[in-house]
Amino acid sequence: MNNLVNEKDIIETQNNVEFEKELDDIENIESEGTEIEIEIPKVKFKDKIAEFKIVKGLRGKVWPIMLPFMVVMGFLVVLPLLGIVIFAIVEATGNSIKFKIDFTNFIKLLTSGSILYVMFLSLLYAFIASLICVACAYPIALVMAQLKNKMLAKNVWVLVTLPIWISMILKILGLRSLFLLISPSVLGTPIAVVIGMVYMFLPFAISPIYNAIENQDPNYYLAALDLKASKSRAFWQTTFRQSLPGVFAGFTLVLVQAATSLLIVRYMGDGKINLITTIIENYFFRGTDFTFGATIAIVLALLLFAIMGVMKLISNKFEVKGASKKWKNSSNQVTS
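Starting from 1, residues in each chain are numbered consecutively following that chain's sequence as written. This being a predicted model, a pLDDT of at least 70 is required before a residue's local features are given, and a value of 80 or more before pairs of side-chain atoms are given or counted; all residues contribute to the totals for chains, interfaces and linings. Hydrogens are left out, water is left out, and the side-chain values use all remaining heavy atoms of the structure.

Going by the annotation in an unreviewed UniProt entry, the name recorded for the chain is Spermidine/putrescine ABC transporter permease, with Spiroplasma monobiae MQ-1 given as the source organism. The UniProt entry for the chain carries the following text under Subcellular location (unreviewed entry): "Cell membrane". UniProt positions are given in the numbering used here, feature names are shortened, and annotations may be inferred rather than shown by experiment. Within the UniProt record for the chain, the comment given under Sequence similarities (unreviewed entry) is "Belongs to the binding-protein-dependent transport system permease family. CysTW subfamily."

Right under this line is the structure:
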């Protein structure tokens, strides 16, 4: 009897162990199932959008991103310029439908010595103002680029670019008021006009020069010092040379804006100095021959585009793009 009882106890214990193992297996399977469900990656919304055929077709193309910019530039720049060109070369024939192309205004402009002289004078004023702006902007940009404290550099950058966001007419009226308090006799002179151009457009010269100095490779300067060059010679041959594209960019920005500025001539010239923008305004709004005013504007724009192209060609000579060709003789230049 005792043997039978023991066998029953053994069988019951074995059954209990097997039952517990089955429960453990079921729990493990359930836990593994939950882990598998947790590890299933979730499909993000942007991934769903990327699966569309239209999105796949646009992937890697730039024009969809540039489309809003091109539309805005088309309405604000291309269409007004196209309208000025049409006014300059298209003339009505007496019929409201028929027009003819006429270049009489261009011939009239080229044979008008007084207007050509005023255009040359306007470019000369703008050229002088651009040189002064670059000469004043370079030390400021150099100090900004060499600041160790980034917070201080950002604050200085804000102070430098802040005048750009102020209304131009407010700035020129404030400068005119200052001249009226200090020396009213200076108003209406070339000095006042040039000072007004420098005052208005100096921030536009600082920005590209600062970017050129900030983004250049300092290893050239250190290499020049290792080649036993003095600090001044290393600066002129490396830092200054690499920053010349920014200098030319700032010079061009100031030149274009100074040559086409009307408010500076009106308020700082005090009616005694008339530049090309004043003549264009007179033909457009105070006279009847607005087609001739459009012709002057086109010729001025072509001259400025030509100057910009020349500046770009000169700037390309000094750009460093990793090619050893432009710097193959740099060590000889520094140590010579």
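Next, the rest of the story.
## Brief notes about the environment of Val310
When you line up the elements, Val310 lands in helix 15 (residues 290-316). A sequence separation of 58 residues divides Val310 from Thr252, and the C-alpha atoms of the two residues are 10.0 Å apart. Secondary structure follows DSSP: runs of H or I at least 4 residues long count as helices, runs of E at least 2 residues long count as strands, and numbering of each begins at the N terminus.

## Here's the deal with unusual backbone geometry
For Asp270, which is not glycine, the phi dihedral falls at a positive 55°. Its location among the elements puts Asp270 in the loop between helix 13 (263-268) and helix 14 (276-286).

## Considerations on the packing of helix 7 (residues 150-161) against helix 9 (residues 190-214)
With axes taken as lines fitted to C-alpha atoms, and helix axes fitted only over the stretch in contact, angles between N-to-C directions fall between 0 and 180 degrees. Helix 9 packs onto helix 7 with a crossing angle of 150° between their chain directions and a minimal axis gap of 9 Å. It follows that helix 7 is roughly antiparallel to helix 9 by the angle criterion. Only Pro203, Ile206, Ser207, Tyr210 and Glu214 of helix 9 make contact with helix 7, whose side of the interface consists of Lys150, Trp157, Val160 and Thr161. Each residue gets one label: Ala, Val, Leu, Ile, Met, Phe, Trp, Tyr, Cys and Pro are nonpolar, Asp, Glu, Lys and Arg are charged, and the others, such as Gly, are polar. For the contact of helix 7 with helix 9, a count of residues per class yields 5 nonpolar, 2 polar and 2 charged. Roughly parallel means an angle under 35 degrees; roughly antiparallel, over 145; roughly perpendicular, 65 to 115; everything else is oblique. Whether two residues are in contact is decided by their heavy atoms: any pair within 4.5 Å suffices.

## Topic: the UniProt feature "transmembrane region" (unreviewed entry) in the chain
UniProt marks residues 62-90, 115-144, 156-173, 179-202, 243-265 and 290-311 with the feature "transmembrane region" (unreviewed entry), using the numbering shown here. This span, residues 243-265, is 83% helix and 0% strand, and a straight line between its end C-alpha atoms measures 32 Å. With 100% helix and 0% strand, residues 290-311 has its two end C-alpha atoms placed 31 Å apart.

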